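# Analysis of the macromolecular model
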Amino acid sequence: MKRLLFICTFVFSASAQNNPGLKLWYDQPAANWNEALPIGNGKLAAMVFGVPAREQLQLNEETVWAGGPNNNVKPDAFPIIQKLRALLLDKKYVEAQQLADAEMQPYGNSGMPYQPVGNLFIAFPGHEKFSTYRRELDLQNATTTTTYEVNGVGYRRESFASLPDGVIIVRLSATKPGKISCMLSMDSPQRSDIRIEDERIVLSGVTGDHEGQTGSVQFQVQVGIVRSGGTASGDGGIISISGANAVTVYVSIATNIVGYNDITDNAGKKAAQVLGNAMGRSYEILRQTHVKTYREYFDRVTFSLGHTDSIKNTTRQRIIDFSEGDDLHLVTTYFQFGRYLLISSSSPGSQAANLQGKWNDKMNPPWDSKYTININTEMNYWPAEVTNLSEMHFALLNLVKDLSETGRRSAQLMYHARGWMAHHNTDLWRISGQVDRPSTGLWPLGGAWLCRHVWEHYLFTGNKKFLREAYPVLKGAAMYFVDALQIEPDHGWLVACPSLSPENTYIKDKRVSITAGCTMDNQIVFELFSNTIRASEILGADVEFADTLREMRKRLPPMQIGQHSQLQEWLGDWDDPKDTHRHISQLYGLYPGYQVSPIRTPELFTAAVTTLRQRGDVSTGWSMGWKVNFWARLLDGNHAYKLITDQLQLVTGDSVRGPGGTYANMFDAHPPFQIDGNFGCTAGIAEMLLQSHDGTIQILPALPDKWQEGTVRGLIARGGFEIDIRWKNGKINVLTVSSKLGGNCRLRVYDQIETERGTALNAAIGENPNPFFYIPPTHKPLLSAKAVLVAAVLKASYVYDIQTRAGGVYRFKRVDDSGK
Ligand code: FUC
């Protein structure tokens, strides 16, 4: 009896295939947007409400943004920038802030909002009362389904955004023939016109004017139907269907956007073409090809921590119960939901996922649903490489390329510098000027942070052709700092000035944020210079420029440990240990960067722990996502898991205050909804299982006590190694490394391992010869006399070198210590 009970409550499953369903499911229709379920194919997105009497698909197309081509660069900023530099280097911080507030308000506009297209409604008269209701989003086939019964007839709706065919599909069917009678209609908050043309609903619109920019994105939606049986008629923008056996609804949306500076396409023609192609294919074929394309990405990673009886509960209930129980299957679901969202928002050829991915129902969404590039946009792409979705990274990498063109203007006009730069936000039009007030917007490092994605893509894939093509982006970003860095008088350090530590103040009572040489800036410039130098070495290009960067890199400020034993946020020791600000920018060097390491820089590592403790756990959604990564890098799996628990707190309603968490539909709550938290936490979970930034590939570096048993398959390490791990009792059981590029595979493990045949492995010696694991030497930190550093206690580890060839698969097992 006891044994049976055990099996019922904890069934271990090895792969997603026999995983008890990676599904979000509910027993009620969505009561609001944050309960609706997202589908998307990168270009198009919809939120599906699953209301029986009136289905609603809230529609988005990724290029539907207000305004038109522009760049908001303040042409006469340079003299003010010069005055700010003089004041800041003279330590006149309050005066500098006052000058910035007076003279550096945003020029023209602070970016355009991402806007909705409208809604498709499908009304089913008589379906107000229903039974046996269920709606779900199946993460394994990227399809959402609603089923229910009315008067003894079972109804089913299935929706997906086809990856290969570019349309959104809704399939309506019933258990008895002739039962589909419904009306399709649309609305839109935009300036628009809705009519019936060729038996289709056609909605044509143009986006909004905003902050002096005329709305100039023309879009068109075309909705066509294919039915079996029954009749259909169209009038007044509405299609009425009566007595059909089944109906397939096809939704195509297109705009006049060709690129950020070209709006000459024909929206109607494009929409009609895509719709025509799709309507020529049956529902079954469309579904099959969609699922096949999706699974080629999604199935690359499987992750299981086992499951309990909780899987019987609705997703909403599981989120409510999470902190009290051991529903580890919800963690794997959340992780895979993050990968689902990345595929659905960033498939090849699409724009970068914005603050809400591609899902937004508001004309003026929070923060315009723009690209906030002082963390949020970057965070969206943290899971891309490590969770084996490298193709999705291009949505961002293409944005960086665009910015490297528009950002020349801001470099030149605002800072009289060569190269390119961007501030803390951009939008569809790739604006590079200052956005919002100076205390958050006058930060010139946005482009430089984005450049790390170029480099990381290279480290994970080894794609030299890509690096060659992208090199000018790195070079241009580095060039900007060659011209723009200023000499700090006390030490002669080179610092970004004016700048700020996003979005924090250091003289709190006077709201002073404008500064010079804050820690994150120094870390980002150090990294940008180092990556550009390495790229030039690999490509055999620009020897002299690389030398210049080498010389300047020596003069960047070191990281400093302050009076409270913290990793200092600013150049001065100004941190308040009680500050719980959501941004923890000074830990950029811990994650996503890797200038803070338990092995190479133990003092900084210890100071980072102190800083993170001082900042606390609970915060906005994205901040908690970041902290999962921080604690994983600090090798503290239990604390990382605590942050996952904080993230998996149910948030309801529209409040924009209060701690972050997760909505019923598993979207991250800042609050309000921001997709970055989903992606940050997904990346953090991967980082708990595998790290490859610190000269080695670390297996299970931050495994929480609760994750005693599990498998993960298909995670990617730098150097192009694909990793599968199975563990039991918190120890490695089987480890498989598939080498894509060959080269030395240096493993750091916390259990002794050997080949599967029992041959001992070679202990690692010296520097890792694999070039993808090269780490530039970090400056020695400066320590305040008052800092008290407690040495970090690290678990013993084993480090091995394994020579691999491209295409080779290497299997290892733990050295069996039982009985020895
Ligand atoms: C940054 C954050 C805010 C918010 C906004 C979109 O400014 O500080 O919390 O996430 O981006």
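Computed from a prediction, not measured in an experiment: that's the story for all the values here. (Residues numbered from 1 in each chain as written. Predicted model: local features only at pLDDT ≥ 70, side-chain atom pairs only at ≥ 80, totals over all residues. Heavy atoms only, no water.)

Time to look at the overall build of the protein. Of the regular secondary structure elements, the protein holds 19 helices and 35 strands. Along the first, second and third principal axes, the C-alpha set of the protein runs to 80 × 75 × 50 Å. Counting across all 820 residues of the protein, residues that qualify as buried make up 63%. Within the protein, contacts between residues separated by at least 24 positions form 70% of all contacts whose residues are at least 6 apart in sequence. For the protein, the distance from the average site of its 82 positive side-chain charges to the average site of its 82 negative ones is 4 Å. (Helix = DSSP H or I, 4+ residues; strand = E, 2+ residues; numbered from the N terminus. Buried < 20%, exposed > 50% of the residue type's maximum accessible area, 1.4 Å probe, protein only. Contact = heavy atoms within 4.5 Å. Lys, Arg positive; Asp, Glu negative; His and termini not counted. Charge placed at Lys NZ, Arg CZ, Asp CG, Glu CD.)

Time to look at the environment of Gly42. By secondary structure assignment, the location of Gly42 is in the loop between β2 (37-40) and β3 (44-48). Distance from Gly42 to Lys370, taken between C-alpha atoms, is 16 Å for residues 328 residues apart in sequence.

On to helix α14 (residues 519-539), then. With 21 residues, α14 should reach 30 Å at 1.5 Å per residue; the first-to-last C-alpha distance of 30 Å fits that figure. With 19 of 21 residues buried, α14 lies mostly within the body of the structure. (Expected span 1.5 Å × (residues − 1).)

In the vicinity of the ligand, the contacting residues are Leu355, Trp367, Thr372, Asn376, Glu503, Arg582, His583, Trp622, His670 and Gln674. Side-chain polar atom of Glu503 to an oxygen atom of the ligand: 2.2 Å apart, as the coordinates give it. The contact in question runs from an oxygen atom of the ligand to an N or O atom on the side chain of Trp622, over 2.9 Å. Contact with the protein chains removes 98% of the 290 Å² of surface that the ligand exposes when unbound. Considering only residue class, the shell around the ligand consists of 3 nonpolar, 5 polar and 2 charged. (Near = heavy atom within 4 Å. Polar contact = N/O pair within 3.5 Å; in protein donor to acceptor, adjacent residues only side chain to side chain. Areas by Shrake-Rupley, 256 points an atom, 1.4 Å probe, with all protein chains shown as cover. Nonpolar A, V, L, I, M, F, W, Y, C, P; charged D, E, K, R; others polar.)

In this section: the packing of helix α17 (residues 621-633) against helix α18 (residues 637-647). Contact pair α17 / α18: the axes reach a minimum separation of 8 Å and the direction vectors enclose 165 degrees. Accordingly, the angle class assigned to the pair α17 and α18 is roughly antiparallel. Read as a crossing pair, α17 and α18 show a hand that is left-handed. On α18, the residues touching Gly621, Met624, Gly625, Lys627, Val628, Trp631 and Ala632 of α17 are His639, Ala640, Leu643, Ile644, Asp646 and Gln647. Taken together, the residues that form the contact of α17 with α18 break down as 7 nonpolar, 4 polar and 2 charged. (Axes fitted to C-alpha atoms, helices over the stretch in contact; angles between N-to-C directions. Parallel < 35°, antiparallel > 145°, perpendicular 65-115°, else oblique. Left-handed = near helix turned anticlockwise from the far one by under 90°.)

The tally for this structure, following the rule as stated, stands at 47 salt bridges. Here the residues in one salt-bridge network are Lys43, Glu61, Glu62 and Lys358, joined through shared partners. (Salt bridge = Lys/Arg side-chain N within 4 Å of Asp/Glu carboxyl O.)

Along the chain, Ile685 falls in helix α19 (residues 676-689). Under the relative-accessibility criterion, Ile685 is labelled buried at 0%.

Right, let's talk about the sheet that holds β3 for a bit. The strand order across the open sheet formed by 7 strands is β2-β3-β4-β5-β10-β15-β14, and the pairing between neighbours is antiparallel. Sheet topology places β2 and β14 (231-235) at the edges, where each strand pairs with a single neighbour. Neighbour to neighbour, the strand axes of the sheet diverge by 20 degrees on average, direction disregarded. (Pairing = 2+ DSSP bridges.)

A turn of α-helix holds 3.6 residues, and therefore any two residues three or four places apart point the same way. For α17, built from 13 residues, the straight-helix expectation of 18 Å at 1.5 Å per residue is met to within 8% by its first-to-last C-alpha distance of 19 Å. Taking burial as the measure, the 13 residues of α17 include 13 buried ones, the bulk of the element.

Of all 8 residues that make up strand β27 (residues 710-717), 7 are buried, and the element is covered over most of its length. Looking at chain direction, strand β17 (residues 302-304) and β27 are connected through 3 bridges and run antiparallel. Considered in β27, the bridge of Thr302 is made with Arg713. Pairing geometry for β27 and strand β28 (residues 721-728), over 7 bridges, is antiparallel. The residue bridging Arg713 from the neighbouring strand is Asp724, located in β28. The loop that links β27 with its antiparallel partner β28 comprises 3 residues; one of these, Gly719, has a positive phi angle of about 85 degrees.

Counting residues in each nonpolar core, the largest one holds 240 residues, and the members touching the most others are Leu59, Ile699 and Trp707. Considering every element that reaches this core, the biggest residue donor is helix α13 (residues 464-484), with 13 residues. Apart from residues lying up to four places away in sequence, Trp707 is in contact with Phe303, Leu305, Leu328, Val331, Tyr641, Ile644, Ile685, Met688, Leu689 and Trp727. Counting 8 residues, the second-largest nonpolar core is a separate cluster that includes Phe160, Val167, Ile169 and Leu275. (Core = buried A, V, L, I, M, F, W, Y, C linked by side-chain atoms within 4.5 Å.)

Our next topic: the layout of surface pockets. Space inside the largest pocket adds up to approximately 670 Å³. Put simply, the parts of the chain that give the lining of the largest pocket at least two residues each are α16 (602-615), β26 (697-699) and β29 (731-739). If you tally residues by element for the lining of the largest pocket, the top one is α16, at 5 residues. In this structure, the second largest pocket spans a volume of roughly 440 Å³. Surrounding the second largest pocket, 27 residues form its lining, Lys43, Glu61, Glu62, Gly349 and Ser350 being those nearest its centre. For the lining of the second largest pocket, the secondary-structure elements that each account for two or more residues are β16 (246-255), α4 (267-279) and α5 (283-298). Ranked by residues supplied to the lining of the second largest pocket, first place goes to β16 with 4 residues. The residue makeup of the lining of the second largest pocket, split by class, is 10 nonpolar, 11 polar and 6 charged. (1 Å grid on protein atoms, 1.4 Å probe; cavity = no way out; pocket = protein on both sides within 12 Å on 5 of 7 lines; lining within 4 Å. Points joined across faces, edges and corners; volume = space filled by probe spheres on them.)

So far we have only geometry, and geometry alone does not tell us how the molecule works.
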